[in-house]
Amino acid sequence: MRIIPAIDIIEGKCVRLSKGDYNTKIIYNQNPLEVAKSFEAHGIEYLHLVDLDGAKSSKIVNYKILEQIANQTKLKIDFGGGLKSDADLKIAFESGANQITGGSIAVKNRDVFEKWIEEYGSDKIILGADANNEKVAVSGWLEDSDEDLVPFIQGYQNKGIQYIICTDIAKDGMLEGPSFDLYEKILKEATGIKLIASGGISTFDELPKLAEMGCEGTIIGKAIYEGRISLKQLENYILTNPVRV
């Protein structure tokens, strides 16, 4: 299972929210590049970079941070937050993203998102399927849609999507453990999907459990920043559980 630390950006700073609520913002570092370099120094190869300003404003905002991290580390970055147009996507890839995550656009503008899958390939486009009571949430989680989570995922599987990042919003940033039952359900019903678990990771012991369930990757945020999981623990996990790509 791939270990994918998260850096969320507001106004160029590394922050974390609870349940996606912008009013709960905690600034952990003024310099996201510094954080990314510390991840890389501990053998981490992947990074989940989220432009929270972009998610709110419906267009890419913090692409300079992406460019900086891509140019000064070897991390493979998946980038999301506010990607709504072909121009946004072009900026993200030109700024150094290896993959992009589309969430709201996959609900609100299916034609564009499907075109991206077709044009860039399913190894480059990740479906962000974030859930609130098993309904897909959009617009930086500020609103719910009428889409049921599992059928939504299955629909995009039929369009060629391989990678899914699924966050249970009720768990995100709460350090109460991930949604094991939800992930089990997705893996059972959307057979063959590469599921990246996100939200609620609180202890190191949860990682082997997610790997055993069949998650392809896991995104870890607040547990790292709050010192619940150390970078040394992650380094040892990666050394003893190498990813075979």
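Everything here concerns the structure above.
Scope of this entry: the structure provided in the associated data block. All figures in this text were calculated on a predicted structure; none of them were measured in a lab.

Take the packing of aromatic side chains next. With the rule as written, the count across this model stands at 6 aromatic pairs. Measuring from centroid to centroid gives 4.9 Å for Phe 93 and Tyr 120, while their planes differ by 25°, and the two rings are stacked. Here the residue Phe 93 occupies a position in helix 4 (residues 86-94), and Tyr 120 occupies one in helix 6 (residues 110-120), the gap between them amounting to 27 residues. Here the aromatic residues Phe 113, Trp 116, Phe 152 and Tyr 156 are joined through ring pairs into a cluster of three or more. Above the face of the Tyr 22 ring, Lys 56 is positioned so that its terminal group lies 4.3 Å from the ring centre. A cation over an aromatic ring shows up here: Lys 209 above the ring of Phe 180, its NZ or CZ 4.0 Å from the ring centre.

Along helix 7 (residues 149-157), the residues that are buried comprise Leu 149, Val 150, Phe 152, Ile 153 and Tyr 156. Projected onto a plane normal to the axis of helix 7, the buried residues spread over an arc of 160° and lie on a single side.

This part takes up the pairing of strand 12 (residues 194-198). Of all 5 residues making up strand 12, 4 are buried, and the element is well covered by its neighbours. Of the pairings in the sheet, the one linking strand 11 (residues 163-167) to strand 12 comprises 5 bridges and is parallel in character. Each residue of the ladder has a partner; that of Tyr 163, found in strand 12, is Lys 194. Two elements, strand 12 and strand 13 (residues 217-220), share 3 bridges in a ladder whose sense is parallel. Of the residues in strand 13, the one forming a bridge with Ser 198 is Ile 219. Taking the sense of rotation as the criterion, the β-α-β connection linking strand 12, helix 9 (residues 206-213) and strand 13 turns out right-handed.

Turning to the environment of Ala 129, a few remarks are in order. Examined against the element boundaries, Ala 129 turns out to sit in the loop between strand 7 (125-128) and strand 8 (131-132). In this structure, the C-alpha to C-alpha distance between Ala 129 and Asp 168, residues 39 residues apart in sequence, is 9.1 Å. Apart from residues no more than four positions distant in its own chain, Ala 129 is found in contact with Leu 149, Phe 152, Ile 153, Ile 164, Ile 165, Cys 166 and Thr 167.

In this structure, Ile 7, Ile 69, Phe 113 and Ile 186 are the most contacted members of the largest nonpolar core, which totals 69 residues. With sequence-adjacent residues up to four places away left out, Ile 186 is seen in contact with Leu 149, Val 150, Ile 153, Cys 166, Ile 193 and Leu 195. Counting residues in hydrophobic clusters, the runner-up holds 8 residues, among them Ile 4, Tyr 163, Ile 196 and Ile 219.

Further remarks concern the environment of Thr 73. Tracing the chain through its elements places Thr 73 in the loop between helix 3 (63-72) and strand 5 (76-80). Expressed as a C-alpha distance, the spacing of Thr 73 and Leu 33, which sit 40 residues apart in the sequence, is 8.6 Å. Those residues within four positions of Thr 73 in sequence are excluded, and the remaining contacts are Leu 33, Ala 36, Lys 37 and Glu 40. Within the local environment of Thr 73, its side chain forms a polar contact with the backbone oxygen of Ile 69, the two atoms lying 2.8 Å apart. Polar contacts involving the side chain of Thr 73 include one to the main-chain amide nitrogen of Leu 75, which spans 3.2 Å.

Okay, the pattern of salt bridges next. Within the structure shown, the criterion is met by 12 salt bridges. Arg 16 serves as the salt-bridge partner of Asp 8, at 3.0 Å between the closest nitrogen and oxygen. Judged on exposure class, the residue Asp 8 and its partner Arg 16 are both buried. As a salt-bridge pair, Lys 185 and Glu 134 come within 2.8 Å of each other at their nearest N and O atoms. A residue pair is termed long-range when its members are at least 10 positions apart, and Lys 185 in helix 8 (residues 180-189) and Glu 134 in the loop between strand 8 and strand 9 (135-138) qualify at 51 residues.

One non-glycine residue with positive phi stands out, namely Asn 133, at about 55°. Examined against the element boundaries, Asn 133 turns out to sit in the loop between strand 8 and strand 9. Assessed through its relative accessible area of 73%, Asn 133 is described here as exposed. Residue Glu 134 is not a glycine yet carries a positive backbone phi of 65°. Take Glu 134: its relative accessible area is 33%, and that puts it in the partly exposed class.

Rules used throughout
Residues numbered from 1 in each chain as written. Predicted model: local features only at pLDDT ≥ 70, side-chain atom pairs only at ≥ 80, totals over all residues. Heavy atoms only, no water. Phe/Tyr/Trp six-rings, centres within 6.5 Å; stacked < 30°, edge-to-face > 60°. Helix = DSSP H or I, 4+ residues; strand = E, 2+ residues; numbered from the N terminus. Lys NZ or Arg CZ within 6 Å of the ring centre and 35° of its normal. Buried < 20%, exposed > 50% of the residue type's maximum accessible area, 1.4 Å probe, protein only. Arc of directions from axis to C-beta. Pairing = 2+ DSSP bridges. Right-handed = clockwise from strand over helix to strand, strands pointing away. Contact = heavy atoms within 4.5 Å. Core = buried A, V, L, I, M, F, W, Y, C linked by side-chain atoms within 4.5 Å. Polar contact = N/O pair within 3.5 Å; in protein donor to acceptor, adjacent residues only side chain to side chain. Salt bridge = Lys/Arg side-chain N within 4 Å of Asp/Glu carboxyl O.

These values are about where atoms sit, not about what they do.
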